[in-house]
Amino acid sequence: MLLAILRLGFGLLTFTAIGSQLRTLANAGTLDVVNFLSYFTILSNLIGATLLVVGALRWRTGDDAMIDLLRGAAVVYLAVTFIVFAVLLSNTDVDLATSWVNTVLHELIPIVVLIDWLVDPPFVRLSMRQVGTWLAFPIGWVVYILIRGALVGKYPYPFLDPANGGYFSVAVYCAGIAVLVIVLAAVIHWLGNTSRAWLDRRAARPA
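Below, the structure is looked at part by part. Bear in mind that the values here come from a model prediction, so they are computed numbers and not experimental data.

### Focus: the nonpolar core
Consideration 1: Ranked by size, the top nonpolar core spans 41 residues in total, and within it Val76, Leu105, Trp134, Tyr157, Phe159 and Leu160 carry the most contacts.
Consideration 2: Counting residues per element, the ones that place at least two in this core are helix H1 (2-28), helix H3 (40-57), helix H4 (65-89), helix H5 (99-119), helix H7 (136-152) and helix H8 (166-204).
Consideration 3: Per-element accounting of this core gives the leading share, 11 residues, to H4.
Consideration 4: Ignoring any residue separated from it by four or fewer positions in sequence, one finds Leu160 in contact with Trp141, Ile145, Leu146, Tyr155, Val170 and Cys174.

### Structural notes on a nonpolar patch on the surface
Consideration 1: Taken together, the side chains of Ile139, Val143, Ile147, Leu151 and Val152 present a nonpolar region at the surface, about 510 Å² in accessible area.
Consideration 2: Checked against the element boundaries, Val152 lands in helix H7.

### Overview of H5
Consideration 1: Across its 21 residues, H5 extends 29 Å between first and last C-alpha, which sits within 8% of the 30 Å expected from 1.5 Å per residue.
Consideration 2: Within H5, burial applies to Val101, Asn102, Val104, Leu105, His106, Ile109, Pro110, Val112, Val113, Asp116 and Trp117.

### Notes on the pattern of salt bridges
Consideration 1: In the structure shown here, the tally under the stated rule is six salt bridges.
Consideration 2: A salt bridge links Arg7 to Asp116; the nearest nitrogen and oxygen atoms lie 2.7 Å apart. With a gap of 109 residues between them, Arg7 in helix H1 and Asp116 in helix H5 connect regions that are remote in the sequence. The pair formed by Arg7 and Asp116 is uniform in burial state, with each residue classed as buried.
Consideration 3: Where salt bridges share partners, they join Arg7, Asp68, Arg71, Asp116 and Asp120 into one cluster.

### Details of the environment of Ala74
Consideration 1: Mapped onto the secondary structure, Ala74 falls in helix H4.
Consideration 2: Residue classification places Ala74 among the buried positions, given a relative accessible area of 3%.
Consideration 3: For the pair Ala74 and Leu52, spaced 22 residues apart in sequence, the C-alpha separation works out to 9.8 Å.
Consideration 4: Ignoring any residue separated from it by four or fewer positions in sequence, one finds Ala74 in contact with Ile47, Gly48 and Leu51.

### Regarding the packing of H3 against H5
Consideration 1: One way to put it is that H3 packs onto H5 with a least axis distance of 11 Å and a crossing angle of 40°. It follows from the interaxial angle that H3 and H5 lie oblique. Crossing of H3 against H5: the hand is left-handed. Contacts between H3 and H5 pair Thr41, Ile42, Asn45 and Leu52 from the former with Val104, Leu105, His106, Ile109, Val112, Val113 and Asp116 from the latter.
Consideration 2: Split by residue class, the contact of H3 with H5 holds seven nonpolar, three polar and one charged.

### Brief notes about the packing of H3 against H7
Consideration 1: Where H3 meets H7, the closest approach of the two axes is 12 Å, and the angle between their N-to-C directions is 150°. With respect to each other, H3 and H7 are oriented roughly antiparallel. Considering how the two elements wind past one another, H3 and H7 form a crossing that is right-handed. Contacts between H3 and H7 involve Phe40, Leu43 and Ile47 from the former and Phe137, Pro138 and Trp141 from the latter.
Consideration 2: Looking at the contact of H3 with H7 residue by residue, the classes come out as six nonpolar, no polar and no charged.

What counts and how
- Residues numbered from 1 in each chain as written.
- Predicted model: local features only at pLDDT ≥ 70, side-chain atom pairs only at ≥ 80, totals over all residues.
- Heavy atoms only, no water.
- Core = buried A, V, L, I, M, F, W, Y, C linked by side-chain atoms within 4.5 Å.
- Buried < 20%, exposed > 50% of the residue type's maximum accessible area, 1.4 Å probe, protein only.
- Helix = DSSP H or I, 4+ residues; strand = E, 2+ residues; numbered from the N terminus.
- Contact = heavy atoms within 4.5 Å.
- Patch = residues over 30% accessible without salt bridge, like charges linked within 9 Å, V, L, I, M, F, W, Y side chains within 5 Å.
- Areas by Shrake-Rupley, 256 points an atom, 1.4 Å probe, with all protein chains shown as cover.
- Salt bridge = Lys/Arg side-chain N within 4 Å of Asp/Glu carboxyl O.
- Expected span 1.5 Å × (residues − 1).
- Axes fitted to C-alpha atoms, helices over the stretch in contact; angles between N-to-C directions.
- Parallel < 35°, antiparallel > 145°, perpendicular 65-115°, else oblique.
- Left-handed = near helix turned anticlockwise from the far one by under 90°.
- Nonpolar A, V, L, I, M, F, W, Y, C, P; charged D, E, K, R; others polar.

Here it is in structure tokens:
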């Protein structure tokens, strides 16, 4: 019950933070909804918040293998958000100038979903083939951003803009982030399965 309450609270906090930033940009006359929703930070937080709320609402129904698979994906995407922001974007305007919103989306929620993953790991061990599906969204997002950017001249992040060093520079950044995603996926997969094995051993101990 406590886990469900915490999930619901953090999920709603994330939606509130995103809504607050939308309102702030709209009031300033700088809101571009498509561009705002093209940020990996916003999309990964929407995915994470949705799964937190779903997990909260389903707490009586037991574990669901598909939900667990999606939860793992959200952990990976938000870990990427956390690391890339810290390394590449901490001094960059990414439409999150409001301090508390920036903290919630770039720092707090990535930590929350990781802790949630460790406290309530997947009920059934995930295979590496399943984990491979986690790569589909980042790949699709990069393709979308590069195509959209070429058409409208807008890129959510400077390291994806060919104007800043050309397409070779973009390719290098994309390759580096791809390696990061793969490594994080492997680590999150291992942590989930290891945590599940530990909980199962603990539950099997005689009283």
